[in-house]
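The chain contents come next:
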Amino acid sequence: MYIEKTNISKSPEGMLKQELVSYYGMSAAESDILWERIENFVKEHFENCIFDNQIIRYAVSSDEPAGKPIKYCKLIPVKLTLFKPSDKKIREEKGPSYLREILTLRFADEAYAQGGLLSQEDLAEILFVNIRTVKRIIQRLKAKGIEVNTRGLVKDIGPTISHKAKIVELALKGYTTTEIAFKTRHSLSSIARYIENFIKVVYLFEKDFPLVKISRVTKISEKVAAEYKSLYEKYIKNNCLKERLEELCSYISCKKGGKK
């Protein structure tokens, strides 16, 4: 809201700035910068409208890279739905274990949709269970073909196969991007990006580029590049799915052409 300079000293903004200058030795410019930061902080953290069945939880931003210590990561507030009217019926008909699976997926997906990533430790705290229980929940969902979008999965932390390689493998097996999005709960744009990077890796492997250089050129981790190489050797190298690769190349070309 614009406030005329003649009236600014009568506003909360003007009074705070005057106090900062008079009592804390700040310059007028410094008080302006601090006010702007306070205003933005309040808007970001305290003006979010939440319902009675929701909480605000701080999650690591999805922009933060893997390997960065949590204490140095940017945290963002995300709204999580603790319960829905249907939860009671689910618990009565399917039991508490099944409800925990629903809640685990809900919390992880809601955070991911808002640009944040919950860890298994976060989920344990929200669900009031220990970390071993969360691991079992995630394993049960994985056995059903459902991935939980935790920070470990999305950022490919740990020894398991990356979600990127799993998505590319589904594409090679003939699943459409819409089917993959439904199955993995990843956006179509993310799926297209993984496929495009896979195609780049295949091209560079066929040109005998070493793994380290491929990782640097494509800006993906060596781990993911190695997984893409394995998919290439399994499905494409012996012309098993050469036609499918050409279809994916055409799909990416159409997507990029549509953006122009």
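Residues numbered from 1 in each chain as written. Predicted model: local features only at pLDDT ≥ 70, side-chain atom pairs only at ≥ 80, totals over all residues. Heavy atoms only, no water.

## A few points about the packing of helix 10 (residues 188–206) against helix 12 (residues 222–235)
- Running from amino to carboxyl end, helix 10 crosses helix 12 at an angle of 75°, the nearest separation of the two axes being 9 Å. The angle between helix 10 and helix 12 falls in the class roughly perpendicular. Between helix 10 and helix 12, the contacting residues are Tyr194, Asn197, Phe198, Val201, Val202, Phe205 and Glu206 on the first element and Ala225, Tyr228, Lys229, Leu231 and Tyr232 on the second.
- In terms of residue class, the contact of helix 10 with helix 12 is built from nine nonpolar, one polar and two charged. (Axes fitted to C-alpha atoms, helices over the stretch in contact; angles between N-to-C directions. Helix = DSSP H or I, 4+ residues; strand = E, 2+ residues; numbered from the N terminus. Parallel < 35°, antiparallel > 145°, perpendicular 65-115°, else oblique. Contact = heavy atoms within 4.5 Å. Nonpolar A, V, L, I, M, F, W, Y, C, P; charged D, E, K, R; others polar.)

## Brief notes about the pattern of salt bridges
- On inspection of all chains with the given rule, the structure shows 13 salt bridges.
- Linking Glu13 and Lys17 is a salt bridge whose minimum nitrogen-to-oxygen distance equals 2.7 Å. Placement of both Glu13 and Lys17 in helix 1 (residues 12–24) is noted, with a separation of four residues, approximately one turn of the helix. Lys17 carries the same exposure label as Glu13, and that label is buried.
- Between Glu169 and Lys234 there is a salt bridge, with its nearest N and O atoms 3.5 Å apart. With Glu169 in helix 8 (residues 163–172) and Lys234 in helix 12, the pair connects residues that are 65 residues apart, well separated along the chain.
- Among the charged side chains, a network of salt bridges with common partners joins Glu13, Lys17 and Asp32. (Salt bridge = Lys/Arg side-chain N within 4 Å of Asp/Glu carboxyl O. Buried < 20%, exposed > 50% of the residue type's maximum accessible area, 1.4 Å probe, protein only.)

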